[in-house]
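# Commentary on secondary and tertiary structure
One letter stands for each residue in the lines below.
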Amino acid sequence: MAEPYMPDILPCSSCGSREQKLESCLPEGRRQEVWRVACPCGSALTQWAVSPGSAVRLWNRYLGEGEKD
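How each quantity is defined
- Residues numbered from 1 in each chain as written.
- Predicted model: local features only at pLDDT ≥ 70, side-chain atom pairs only at ≥ 80, totals over all residues.
- Heavy atoms only, no water.
- Helix = DSSP H or I, 4+ residues; strand = E, 2+ residues; numbered from the N terminus.
- Buried < 20%, exposed > 50% of the residue type's maximum accessible area, 1.4 Å probe, protein only.
- Areas by Shrake-Rupley, 256 points an atom, 1.4 Å probe, with all protein chains shown as cover.
- Core = buried A, V, L, I, M, F, W, Y, C linked by side-chain atoms within 4.5 Å.
- Contact = heavy atoms within 4.5 Å.
- Salt bridge = Lys/Arg side-chain N within 4 Å of Asp/Glu carboxyl O.
- pLDDT = per-residue confidence, 0-100.

Each helix and strand in the chain was counted, giving 1 helix and 2 strands. Traced from its N-terminal end to its C-terminal end, the chain shows the element sequence β-β-α. Within the chain, the proportion of its 69 residues that are buried is 32%. Element-wise, carbon and sulfur atoms account for 48% of the exposed surface of the chain, whose accessible area totals about 5,100 Å².

Shown next as structure tokens:
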């Protein structure tokens, strides 16, 4: 099932890269994959999301919260 709205992925706050990729896995006991955004520099959230779009929104929200400091 395609996401109706896929937001742009913000650049990594650690290295500034725009080469992030969506990762997925299927943990034991789950029927559907979970997703997260990961950067080639190794930065990735430990929290997983239930869809690619929600993983991107989670990544962007995480970066936005870090900029308020």
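That shown, we press on.
Next up on the list: the nonpolar core. In terms of nonpolar packing, the biggest core is built from 8 residues, these being Cys12, Val37, Cys39, Leu45, Val56, Leu58, Trp59 and Leu63. Ranked by the residues each element gives to this core, the list is headed by helix 1 (residues 52-66), at 4 residues. Residues contacting Val37, with those up to four places away along its chain left out, are Ile9, Gln20, Lys21, Leu22, Ser43, Ala44, Leu45, Ala55, Val56 and Trp59.

Here the focus is the environment of Val34. Tracing the chain through its elements places Val34 in strand 2 (residues 34-38). The class for Val34 is buried, based on a relative accessible area of 8%. A sequence separation of 21 residues divides Val34 from Ala55, and the C-alpha atoms of the two residues are 8.6 Å apart. When neighbours within four sequence positions are excluded, Val34 is seen to be in contact with Glu23, Ser24, Cys25, Pro27, Trp48 and Ala49.

So, about the pattern of salt bridges. By the definition in use, this model includes 1 salt bridge. In this structure, the salt-bridge partner of Arg36 is Glu23, at a minimum N-O distance of 2.8 Å. Residue Arg36 is located in strand 2, and its partner Glu23 is located in strand 1 (residues 21-25); the two are separated by 13 residues in the primary sequence. Relative accessible area serves as the criterion here: at 31%, Glu23 is assigned to the partly exposed category.

Moving on: the confidence of the model for the chain. Considering every residue of the chain, the mean pLDDT works out to 88; 88% of them sit at 70 or more. Of all helices and strands in the chain, the one with the weakest mean pLDDT is helix 1 (89), whereas strand 2 scores best (96).

Looking now at the side chain of Asn60. For Asn60, the position within the fold is in helix 1. Dropping the residues within four chain positions of it, Asn60 is found in contact with Pro7, Asp8, Ile9 and Leu10.

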